[in-house]
Amino acid sequence: VRQAIAAFEKLGAAPDSRWTDNAWSEAGRLAERIGELDRARHAYERVLATTSDRALRDRARGGLERLGGARWDEVKREHTKWLAESLSGNPQEALDRLERLAAEHPDYPERANIQLAIAHGRELEGESARGIEILREAFTAAEVQDRSRLGFAFVRMATRRGFLDDARVALDQLTAGGADRGVIAKLRGRLETAEQRAWWRRGMWLGVAVFAALAAWMLRRETGSWRAAGHQLLRPPGEVVFLLPIAGVIVAVAFTGNPVFARAVLGILAGGVIAAWISGALFEARRGRIGAVRAVVQAVLTIAAIGCVTYLAIDRDRLLDLIEETVEHGPTR
């Protein structure tokens, strides 16, 4: 990175270069990213001195405002260090450190960025309730310049996590406060989608319940008593004996990564194994030949049950929304 900064500085210092302002802007951005704050300030000042581009000028002024005076240099270095660590190293320790940094420096110009990073990191670590609470507190106490950004982030996370009433209240507050109408309209659309998905979840749970009740009734009918049905379920079918080790390895590998995705993998595989277990027990309890119609119907019902469980496992942590947010706003939002 330092070589890139030096190259941009050299290009910016070259006489009569058409890329002078852009070069200094990139040098400032990279220097700020690695914590060389005096170097970043100098680069942003050179942008202001050389550019006629409004966007570059606003970006440079924003950079200088973020960096403030030298009093925040050490805090900025800590912020940069632990933010990088939260994305690639030990997330829990890094998030704890960032929380402490935000609490100890309430006047830090980039405190809102720290709060956003903490909330997103907590969500990825499976601590969604903590992430929502952080954003709720940040939004409530936000300065005017940060209020919309924190409010929008709170609405997104509250919508993902199923706190739909809280999301609706926050949207109303943002609307009354004159926040960007385009963003508000988009978030209201997502809220409506979340409400529709809530009905889908109820339907999926109903499907799982119907499958379980139908399977219990059929197993009782095939075995002749509830006790015999219970004994039949205790014996794992051959397909389950084959599936369990494979599922166990996949789950173990999944838990070496992100816990949110790992929980989804666990839910999908557990539901699949249980459905296969019940289906196998029904086939083995059948006395006599199994007809083609019965086999097809049972297979379709089993696949439908696995489909319901898969949707519920993915939707439990709102993974589709989380992936969409990450693609749209980047991994640190």
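Before reading on, note that the structure itself is shown above.
To start, this report covers the structure provided alongside it.

**Focus on the pattern of salt bridges**
Opposite charge on two side chains permits them to pair, given that their charged atoms come into close proximity. Applying the stated rule across the entire model yields 25 salt bridges. The partner of Glu123 in a salt bridge is Arg161, and the shortest N-O contact between them spans 3.4 Å. Highlighted residues: Glu123 in helix α7 (residues 111–124) and Arg161 in helix α9 (residues 144–161), separated in sequence by 38 residues. Arg201 serves as the salt-bridge partner of Asp315, at 2.5 Å between the closest nitrogen and oxygen. Of this pair, Asp315 sits in helix α15 (residues 292–316) while Arg201 sits in helix α11 (residues 181–223); the two residues are 114 residues apart in sequence, bridging distant segments of the chain. Here Asp315 falls in the buried class, since its relative accessible area comes to 6%. Note on Arg201: relative accessible area 18%, which makes it buried. What emerges from the salt-bridge pattern is a single network uniting Asp96, Glu99, Arg122, Glu127 and Arg130.

**Topic: α11**
Spanning 43 residues, α11 covers 63 Å between terminal C-alpha atoms, matching the ideal 63 Å at 1.5 Å per step. A distance of 2.8 Å separates the backbone nitrogen of Gly182 from a side-chain oxygen at the start of α11, and that oxygen is part of Asp180. Positive backbone phi, at 95 degrees, marks Gly224, one or two positions downstream of α11.

**Things to note about a nonpolar patch on the surface**
Among the surface-exposed residues, Leu214, Trp217, Val293, Val297 and Leu301 lie close enough to one another that they form a single nonpolar patch of about 460 Å² accessible area. Elements represented by at least two residues in the nonpolar patch include exactly α11 and α15. As for its placement among the helices and strands, Val297 is situated in helix α15.

**So, the environment of Ile118**
By the element assignment, Ile118 lies in helix α7. Between the alpha carbons of Ile118 and Ala94 there is a distance of 9.0 Å; along the sequence they are 24 residues apart.

**Looking at helix α2 (residues 20–33)**
Between its terminal C-alpha atoms α2 stretches 20 Å, which fits the 20 Å expected from 14 residues at 1.5 Å a residue. Inspection of α2 places Thr20, Asp21, Ala23, Trp24, Ser25, Ala27, Gly28, Leu30, Ala31 and Glu32 among the buried residues, and these make up the whole buried set. Contacts from the buried residues of α2 go to α1 (2–13), α3 (37–50), α4 (54–67) and α5 (73–88). Positive backbone phi, approximately 90 degrees, marks Gly35, located one or two places after α2.

**Considering the packing of aromatic side chains**
This structure, assessed with the given rule, holds one aromatic pair. With 6.5 Å between their ring centres and 15 degrees between their planes, Phe139 and Phe154 make a pair best called stacked. Remark: Phe154 occurs in helix α9 and Phe139 occurs in helix α8 (residues 128–140); sequence separation between them is 15 residues. Exposure remark for Phe139: the relative accessible area of 4% places this residue in the buried category.

**Looking at the nonpolar core**
Ranked by size, the top nonpolar core spans 36 residues in total, and within it Ile114, Leu135, Leu150, Val155 and Leu174 carry the most contacts. Listed by contribution, the elements that provide at least two residues to this core are α5, α6 (91–104), α7, α8, α9, α10 (164–176) and α11. Ranked by residues supplied to this core, first place goes to α9 with seven residues. Apart from residues no more than four positions distant in its own chain, Ile114 is found in contact with His79, Leu98, Leu101, Ala102 and Tyr108. Formed by 13 residues, the second largest nonpolar core is a distinct cluster that contains Ala31, Leu56, Ala60 and Leu67.

**Description of the packing of helix α14 (residues 259–285) against α15**
Contact geometry for α14 and α15: axes closest at 8 Å, N-to-C directions at 160 degrees. Classified by the angle between their axes, α14 and α15 sit roughly antiparallel to one another. Seen along the crossing, α14 lies across α15 with a hand that is right-handed. Contacts between α14 and α15 pair Arg263, Ala264, Gly267, Ile268, Gly271, Gly272, Ala275, Ser279, Leu282 and Phe283 from the former with Arg294, Ala295, Gln298, Thr302, Ile306, Val309, Thr310, Ala313, Ile314 and Arg316 from the latter. Looking at the contact of α14 with α15, its residues break down into ten nonpolar, seven polar and three charged.

**Here's the deal with the packing of α11 against α14**
Interaxial distance between α11 and α14 falls to 9 Å at its minimum, and their mutual angle equals 25 degrees. Looking at the two axes, α11 sits roughly parallel to α14. For the element pair α11 and α14, the recorded crossing hand is left-handed. Contacts between α11 and α14 involve Phe211, Ala215, Met218, Leu219, Glu222 and Thr223 from the former and Ala275, Ile278, Ala281, Leu282 and Ala285 from the latter. The residue makeup of the contact of α11 with α14, split by class, is nine nonpolar, one polar and one charged.

About the thresholds
Residues numbered from 1 in each chain as written. Predicted model: local features only at pLDDT ≥ 70, side-chain atom pairs only at ≥ 80, totals over all residues. Heavy atoms only, no water. Salt bridge = Lys/Arg side-chain N within 4 Å of Asp/Glu carboxyl O. Helix = DSSP H or I, 4+ residues; strand = E, 2+ residues; numbered from the N terminus. Buried < 20%, exposed > 50% of the residue type's maximum accessible area, 1.4 Å probe, protein only. Expected span 1.5 Å × (residues − 1). Polar contact = N/O pair within 3.5 Å; in protein donor to acceptor, adjacent residues only side chain to side chain. Patch = residues over 30% accessible without salt bridge, like charges linked within 9 Å, V, L, I, M, F, W, Y side chains within 5 Å. Areas by Shrake-Rupley, 256 points an atom, 1.4 Å probe, with all protein chains shown as cover. Contact = heavy atoms within 4.5 Å. Phe/Tyr/Trp six-rings, centres within 6.5 Å; stacked < 30°, edge-to-face > 60°. Core = buried A, V, L, I, M, F, W, Y, C linked by side-chain atoms within 4.5 Å. Axes fitted to C-alpha atoms, helices over the stretch in contact; angles between N-to-C directions. Parallel < 35°, antiparallel > 145°, perpendicular 65-115°, else oblique. Left-handed = near helix turned anticlockwise from the far one by under 90°. Nonpolar A, V, L, I, M, F, W, Y, C, P; charged D, E, K, R; others polar.

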